Amino acid sequence: QGPLVESGGGSVQAGGSLTLSCEVSGYTYSGFCLGWFRQAPGKEREGVATIDDDGLTDYEESVKGRLTIAKGNDKKTLYLQMNNLKPEETAMYYCGARLNGGSCWGVLSRYGMEYWGKGTLVTVSS
């Protein structure tokens, strides 16, 4: 399978919006948990959001109501819609996948991902 490839990062002022995309044409949605993680400078990578085969989502508490993970209608793209961004959310954002029979159980909280894209940088200015 091919690599995951992120795009859509950039600079935005606090309160602004941005949508990240992840090309997953080298994968199949079936059998995979898909999601987004991020890593800020000097900090460990943290889970942001996941979506399973049934479309069930899981979010890190601080992003609920502002960030939305979604699968594209083309069945080859994963999105992260980000609204009302905060400066502390400046980070490299990574698209990831984990072969879990389509389940995302424990991925955000404990297990993380198996496959990763190279990341796309999001900078949120005060």
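Look a little higher up for the structure.
Residues numbered from 1 in each chain as written. Predicted model: local features only at pLDDT ≥ 70, side-chain atom pairs only at ≥ 80, totals over all residues. Heavy atoms only, no water.

Caption draft 1: Region of the structure containing the environment of L85. Inspection of the secondary structure puts L85 in the loop between β8 (77–82) and β9 (91–99). Residue classification places L85 among the buried positions, given a relative accessible area of 1%. Taking the C-alpha atoms as reference points, L85 and G31, separated by 54 residues in sequence, lie 31 Å from one another. Aside from chain neighbours lying at most four places away, what touches L85 is V12, A14, G15, G16, S17, L18, R66 and V124. (Helix = DSSP H or I, 4+ residues; strand = E, 2+ residues; numbered from the N terminus. Buried < 20%, exposed > 50% of the residue type's maximum accessible area, 1.4 Å probe, protein only. Contact = heavy atoms within 4.5 Å.)

Caption draft 2: Summary view of the packing of aromatic side chains. Enumeration according to the criterion identifies four aromatic pairs in this entry. Note on Y94 and W116: the rings are 6.4 Å apart at their centroids and 85° apart in plane angle, and the pair reads as edge-to-face. With Y94 in strand β9 and W116 in strand β10 (residues 115–116), this pair connects stretches of sequence that are 22 residues apart. Judged by its relative accessible area of 18%, Y94 falls in the buried class. By relative accessible area, W116 is classed as partly exposed at 24%. (Phe/Tyr/Trp six-rings, centres within 6.5 Å; stacked < 30°, edge-to-face > 60°.)

Caption draft 3: Molecular detail of the nonpolar core. One finds W36, L80, M82 and Y93 to be the most contacted residues of the largest nonpolar core, which totals 27 residues. Among the elements that line this core, the one with the most residues is β9, at four residues. Apart from the residues within four sequence positions on either side, M82 is in contact with G16, S17, L18, L20, R66, L67, Y93 and V122. Grouped together as the second largest cluster of nonpolar side chains are six residues, C33, V107, L108 and M113 included. (Core = buried A, V, L, I, M, F, W, Y, C linked by side-chain atoms within 4.5 Å.)

Caption draft 4: Looking closely at the pattern of salt bridges. A full pass over the atoms with the stated rule returns four salt bridges. Put simply, E89 and R38 hold a salt bridge, and the shortest N to O gap is 3.2 Å. You can see E89 sitting in the loop between β8 and β9 and its partner R38 sitting in strand β4 (residues 32–39), a full 51 residues away along the chain. Its relative accessible area of 5% is what places R38 among the buried residues. (Salt bridge = Lys/Arg side-chain N within 4 Å of Asp/Glu carboxyl O.)

Caption draft 5: Structural context of the side chain of E6. Relative to the helices and strands, E6 is located in strand β1 (residues 5–7). Although E6 is buried, it makes no salt bridge; K118 carries the closest opposite charge, 8.4 Å away. Of note is the side chain of E6, whose polar atom sits 2.7 Å from the backbone nitrogen of C95. Looking at E6, its side chain comes within polar contact range of the main-chain nitrogen of K118, at 3.0 Å. (Lys, Arg positive; Asp, Glu negative; His and termini not counted. Polar contact = N/O pair within 3.5 Å; in protein donor to acceptor, adjacent residues only side chain to side chain.)

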